[in-house]
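Read off the chains here:
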Amino acid sequence: MFQKSRILSVAALLLMTFIFASGCKKKTPIAKEGEKCGKDIKCVKGTKCYYGVCEDLSGNNPDCQFLGKASKAIMESNPKELLKGKNFDYDIDTITAIPSAAATIYKAFGNGLSKTQCKRITQCELPKLGVGYSWYWTRSVFNETKKAPANAKKLSADAVEIISVSAEQASMGEDPKMFPPIKIKQMQQHRIGCRAKVKVRVKEEFAGFVTFHFWKNKNCKFVEAEKGVKDSKAGFKCDGVEKLSHPYYTYTTYLYPFKSNQLAKDKKSKEKVTYLTGNPGTYLIDVWAYNPIDENKFGEHKQFDSEEVMKKYPDLIYCPKYRTDPFNNGCGCIGFAKNKVTVTVDPDPFYLPLDEDKCAKMAPQKTESK
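The present account deals with the structure reproduced in this document. Quick caveat, the model's predicted, so the values are computed rather than measured.

Right, let's talk about the overall build of the protein for a bit. Within the protein, the regular secondary structure consists of nine helices and 13 strands. Counting only residues that meet the buried cut, the protein has 39% of its 370 residues in that class. Within the protein, contacts between residues at least 6 apart in sequence are counted, and of these 75% link residues at least 24 apart. Carbon and sulfur atoms provide 52% of the accessible area of the protein, an area that totals close to 22,800 Å².

Written as structure tokens, this is what we have:
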């Protein structure tokens, strides 16, 4: 009897222990969006554990929606449309790589991206798309979204100004390191042109296109010396000046504010000509104009059939008859307004600087599991 009672008491004790243990079982913690998660911490409904933090991966937030539209716009963009009206050469390999990288970003939405990651990619990956070619992605993005991302800088059309110009006749060579390739192409048939040494000031960080324009004296006519008037000389009378926009007489380049480690310096260069960038500073650059002998375009190119006639006007310089020899001593700077070059500025819709320290902190920790 005693043994039976003892067995019942042990059974009752075990039952009570089980009931007590069941009632005190520790519940799994539920973390809210933005809170830490892991094996022992679950995420609230509608979020998932993403690199150790509960995140909404639906993409239904302004940051992800902006990135989605932006990456798709870059992926589908057309550089020729973006450069419409500009005489600008670009590197095909660089241009091809930019939409390819944007396509990789766009595809990442298939696996889900968090709001945090969308912010990081916008701030840290988009600025890396074709460094020095940000016109491609910024203009594509702005055309689609009509807005700039957070931390982007608005650019001023007054950021670039010309300080001085000194022009002289010069010969265009073949070396693309010394001469703009686009000008080498333009001056294949006539290598004598006008080279203007232009001192340019970039007053603040700038990303965008600048176009340098030569000016010409317009409606120029040759007038003989007035008879009976002392000190009267033969010469040209012109009706004002005119800004030139034809590619022969302009030069378009793209400026971008490079970091110091991105700038390559040519120590072998003997000329004190600097590489123009969007970094604040003063630069001395060469701007070339192709100037074929054509008195219909430049009245001051007046030509004479007889050398004897030309000798009657020792104070004037006339262009010789044009020959097919590309190094024929042509007109050079004759016909252009003396030492007059101006600049047209077309800023990018925005400039997004890359904050490398901030981006390093925003990067997901790979040691943590999704």
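Our next topic: the packing of aromatic side chains. Any pair of aromatic rings gets described here by the distance separating the centres and the angle formed by the planes. The tally for this structure, following the rule as stated, stands at 20 aromatic pairs. Ring geometry for Tyr90 against Trp135: centres 6.3 Å apart, planes inclined by 55°, an arrangement best described as tilted. With Tyr90 in the loop between helix H3 (79-82) and helix H4 (92-107) and Trp135 in helix H6 (residues 134-145), the pair connects residues that are 45 residues apart, well separated along the chain. Its relative accessible area of 22% is what places Tyr90 among the partly exposed residues. With centroids separated by 5.8 Å and ring planes inclined at 55°, the aromatic side chains of Trp135 and Phe209 adopt a geometry described as tilted. With Trp135 in helix H6 and Phe209 in strand E7 (residues 208-217), the pair connects residues that are 74 residues apart, well separated along the chain. Using a relative accessible area of 0% as the deciding quantity, one classes Trp135 as buried.

Bringing the state of the cysteines into the picture now. For the structure on display, the rule yields six disulfides. Here Cys124 pairs with Cys359 through a disulfide, and the sulfurs are 2.0 Å apart. Given an S-S torsion of about -95°, the disulfide between Cys124 and Cys359 has left-handed geometry. Taken together, the residues Cys124 in helix H5 (residues 115-124) and Cys359 in helix H9 (residues 356-362) connect sequence positions 235 residues apart. By relative accessible area, which is 12% here, Cys359 ends up buried. Paired by a disulfide, Cys220 and Cys238 hold their sulfur atoms 2.1 Å apart. Looking along the S-S bond of the Cys220-Cys238 disulfide, the torsion reads about 115°, which is the right-handed sense. Of this pair, Cys220 sits in the loop between E7 and strand E8 (221-223) while Cys238 sits in the loop between strand E9 (235-237) and strand E10 (241-243), and the two are 18 residues apart along the sequence. Look at Cys220 and you get buried, because its relative accessible area is 11%.

Let's shift gears to the environment of Ala207. Within the element layout of this structure, Ala207 appears in the loop between strand E6 (192-202) and E7. Separated by 52 residues in sequence, Ala207 and Leu155 place their C-alpha atoms 7.2 Å apart. Other than its neighbours up to four places away in sequence, Ala207 contacts Ser134, Leu155, Tyr254, Leu255, Tyr256, Pro257, Pro347, Asp348 and Tyr351.

Judged by nonpolar contacts, the single largest core of 32 residues is most densely connected at Leu67, Ile74, Leu126, Trp135, Trp137, Val141 and Tyr254. Contact partners of Leu126, with chain neighbours within four places excluded, come to Leu67, Ile74, Ile105, Ile121 and Trp137. Judged by nonpolar contacts, the second largest core, of 27 residues, contains Ile182, Leu276, Phe336 and Val341.

In terms of burial, E6 is a largely internal element, eight of the eleven residues being buried. Two strands pair when backbone bridges link them, and strand E5 (residues 160-171) and E6 are joined in this way by eleven bridges, in the antiparallel orientation. Bridge pairing links Val165 to Val198 in E6. Bridge count for E6 against strand E12 (residues 281-290) is ten bridges, and the pairing is antiparallel. The residue of E12 that forms the bridge with Val198 is Ile285.

Moving on, we come to the environment of Lys69. Topologically, Lys69 is positioned in helix H2 (residues 62-75). Counting along the chain gives 75 residues from Lys69 to Glu144, while the straight-line C-alpha distance between them is 7.1 Å. Contact partners of Lys69, with chain neighbours within four places excluded, come to Glu144 and Thr145.

So, on to the sheet that holds E5. Read from one edge of the open sheet, three strands run E5-E6-E12, paired in antiparallel fashion. On the outer flanks of this sheet lie E5 and E12, each paired with one strand and no other. With strand direction ignored, the average angle separating the axes of adjacent strands in the sheet is 20°.

Orientation of H2 relative to H5, taken along the N-to-C sense of each, is 45°, at an axis distance of 8 Å. As judged from the angle between their axes, H2 and H5 are oblique. Relative to H5, H2 is oriented so that their crossing is left-handed. Seen from H2, the contacting residues are Asp63, Cys64, Phe66 and Leu67; seen from H5, they are Lys115, Cys118, Lys119, Ile121 and Thr122. Classifying every residue of the contact of H2 with H5 gives five nonpolar, one polar and three charged.

Across all of its chains, the model carries 14 salt bridges by this definition. Its salt-bridge partner being Arg120, residue Glu125 comes within 3.1 Å of it at the nearest N-O pair. The exposure class assigned to Arg120 is buried, which follows from its relative accessible area of 14%. The closest approach of N and O atoms between Lys128 and Glu125, which form a salt bridge, is 3.9 Å. Connected through shared salt-bridge partners, Lys86, Arg139, Asp346 and Asp348 make up one network.

Calculation criteria
- Residues numbered from 1 in each chain as written.
- Predicted model: local features only at pLDDT ≥ 70, side-chain atom pairs only at ≥ 80, totals over all residues.
- Heavy atoms only, no water.
- Helix = DSSP H or I, 4+ residues; strand = E, 2+ residues; numbered from the N terminus.
- Buried < 20%, exposed > 50% of the residue type's maximum accessible area, 1.4 Å probe, protein only.
- Contact = heavy atoms within 4.5 Å.
- Areas by Shrake-Rupley, 256 points an atom, 1.4 Å probe, with all protein chains shown as cover.
- Phe/Tyr/Trp six-rings, centres within 6.5 Å; stacked < 30°, edge-to-face > 60°.
- Disulfide = S-S within 2.5 Å.
- Core = buried A, V, L, I, M, F, W, Y, C linked by side-chain atoms within 4.5 Å.
- Pairing = 2+ DSSP bridges.
- Axes fitted to C-alpha atoms, helices over the stretch in contact; angles between N-to-C directions.
- Parallel < 35°, antiparallel > 145°, perpendicular 65-115°, else oblique.
- Left-handed = near helix turned anticlockwise from the far one by under 90°.
- Nonpolar A, V, L, I, M, F, W, Y, C, P; charged D, E, K, R; others polar.
- Salt bridge = Lys/Arg side-chain N within 4 Å of Asp/Glu carboxyl O.

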